[in-house]
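The residues making up each chain are set out below.
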Amino acid sequence: MTNEIPRTTGSAPDRIPAHLEPDPPGQVESLELRNRQLARAGVEAAQQVLLDRYRLASPAEGFDLLRGASQRFNIKLHTLADLVVRIAGPDEGAVQWFPRRPRLAAPALPGLRVLPEARTSHAAVLQAGLRRVLHVTETDMGNVQLVEHRMLRLEKHVGLNRQFTDFFAFVQDSTTACAQAARQRQQVTVKDVESADIFDEDSREAILQTGSRAAHSLPLVSRSGQVIGLISSHHEQPLRGFSEPQLTALASTGAVVGGWLHWHRQTAVLDALEHLHSTARIAA
């Protein structure tokens, strides 16, 4: 697909459809500011937790702990920050944060094309999950969101323009298909974005301007039923819906990717947090 804005021909001045008009500079700056603030808020909350827990001299030391663990274990800093805030801290004076936790091998990834050496790669598994969903739904536009800090955070995308990705960098409310799919823990199909009452007008326009006329959101669910993220497909034409085999294949993909994400958070991410704890104790 192309993101080029179509224009009329003839001697009359070119006219751009209203929903394809580029955002005015003020709106773009507002989105960028919002995204920076939301991204910073999660990290700053984790810095404060670490400041209090380890009696650090300044929040900057908390940031250094997060950054060091992030780089060493190749885990995104905002992911570590989210879990520092959400999960219970180590016992007072404990040498280990997560003693006696089981060590499990990476789960199988049926239906996903992931090289054996990449089975533990967060980026590779999410990319494979997105490719699988787009193949089943027969489109080339889509995105992956993960649940962090009680929001949906855009993690990966393909075929979507900057205006879309800036607008949906963080989703906080329920006026989107992805938010409803997460809340209901089930797949949500929007057959026609233009007429669907699921969106508020700003969300609708942000979707339409990127060339999407229909969408489908698939929750990524752990074995315990927790929604960890979503994969959404976008379509250039309105949809009639998906067949039962398609919906079944999508549900299977959601379970596979959700199960893998749960494993990753219980292994690689906790390893990074354990390292953070050990480093903080030594420095204290």
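Structure shown above.
A brief report on the enclosed structure follows. Note that this is a predicted model, so its numbers are computed, not measured.

The rules behind the values
Residues numbered from 1 in each chain as written. Predicted model: local features only at pLDDT ≥ 70, side-chain atom pairs only at ≥ 80, totals over all residues. Heavy atoms only, no water. Helix = DSSP H or I, 4+ residues; strand = E, 2+ residues; numbered from the N terminus. Buried < 20%, exposed > 50% of the residue type's maximum accessible area, 1.4 Å probe, protein only. Contact = heavy atoms within 4.5 Å. Salt bridge = Lys/Arg side-chain N within 4 Å of Asp/Glu carboxyl O. 1 Å grid on protein atoms, 1.4 Å probe; cavity = no way out; pocket = protein on both sides within 12 Å on 5 of 7 lines; lining within 4 Å. Points joined across faces, edges and corners; volume = space filled by probe spheres on them. Nonpolar A, V, L, I, M, F, W, Y, C, P; charged D, E, K, R; others polar. Axes fitted to C-alpha atoms, helices over the stretch in contact; angles between N-to-C directions. Parallel < 35°, antiparallel > 145°, perpendicular 65-115°, else oblique. Core = buried A, V, L, I, M, F, W, Y, C linked by side-chain atoms within 4.5 Å. Phe/Tyr/Trp six-rings, centres within 6.5 Å; stacked < 30°, edge-to-face > 60°.

1. Section: the environment of Pro238
Tracing the backbone shows Pro238 in the loop between strand E6 (227-235) and helix H8 (244-266). A relative accessible area of 44% means that Pro238 is categorised as partly exposed. Along the backbone, Pro238 and Asp52 are 186 residues apart, and their C-alpha atoms lie at a distance of 52 Å. In contact with Pro238, not counting residues within four places along its chain, are Lys191, Asp192, Arg213 and Ala214.

2. Looking at the pattern of salt bridges
In total, this model carries nine salt bridges according to the counting rule given. A salt bridge links Glu155 to Lys76, with the shortest nitrogen-to-oxygen separation between them at 3.0 Å. Here Lys76 lies in the loop between helix H2 (59-73) and helix H3 (77-86) and Glu155 lies in strand E2 (residues 151-158), a separation of 79 residues in the sequence. Residue class for Glu155 comes out buried when judged on its relative accessible area of 12%. A salt bridge links Asp166 to Arg162; the nearest nitrogen and oxygen atoms lie 2.9 Å apart. Placement of both Asp166 and Arg162 in helix H5 (residues 162-167) is noted, with a separation of four residues, approximately one turn of the helix. A network of salt bridges, in which partner residues are shared, links Glu32, Arg162 and Asp166.

3. So, the layout of surface pockets
Rolled over the atoms, a probe as big as a water molecule pinpoints where empty space is left. Of the volumes computed, that of the largest pocket is approximately 350 Å³. Looking at which element gives the most residues to the lining of the largest pocket, the answer is H8, with six residues. Classifying every residue of the lining of the largest pocket by side-chain character gives nine nonpolar, five polar and two charged.

4. As for the packing of H8 against helix H9 (residues 268-283)
Relative to each other, H8 and H9 sit at 20°, their axes nearing to 3 Å. As judged from the angle between their axes, H8 and H9 are roughly parallel. Residues His264, Arg265 and Gln266 of H8 form the contact with H9, whose participating residues are Ala268, Val269 and Leu270. Of the residues assigned to the contact of H8 with H9, the class counts are three nonpolar, two polar and one charged.

5. A short note on the nonpolar core
Among the nonpolar cores identified, the biggest contains 25 residues, and Leu109, Leu112 and Leu261 are the most heavily contacted of them. Every element with two or more residues in this core is listed here: helix H4 (122-137), strand E1 (141-148), strand E5 (214-221), E6 and H8. Counting residues in each nonpolar core, the second largest holds 24 residues, with Leu160, Cys178, Val188 and Ala196 among its members.

6. Considering the packing of aromatic side chains
Evaluated as defined, the whole model comprises four aromatic pairs. The interplanar angle of 70° and the centroid separation of 4.8 Å between the aromatic rings of Phe167 and Phe168 together place this pair among those described as edge-to-face. Both residues of the pair, Phe167 and Phe168, count as buried. The interplanar angle of 50° and the centroid separation of 5.6 Å between the aromatic rings of Trp260 and Trp263 together place this pair among those described as tilted. Of this pair, Trp260 and Trp263 both sit in helix H8, three residues apart, roughly one helical turn. Accessibility assignment for this pair places Trp260 and Trp263 in one class, buried. Put simply, the rings of Phe164, Phe167 and Phe168 touch in pairs and so form one group of aromatic residues.

Keep in mind these values describe shape, not function.
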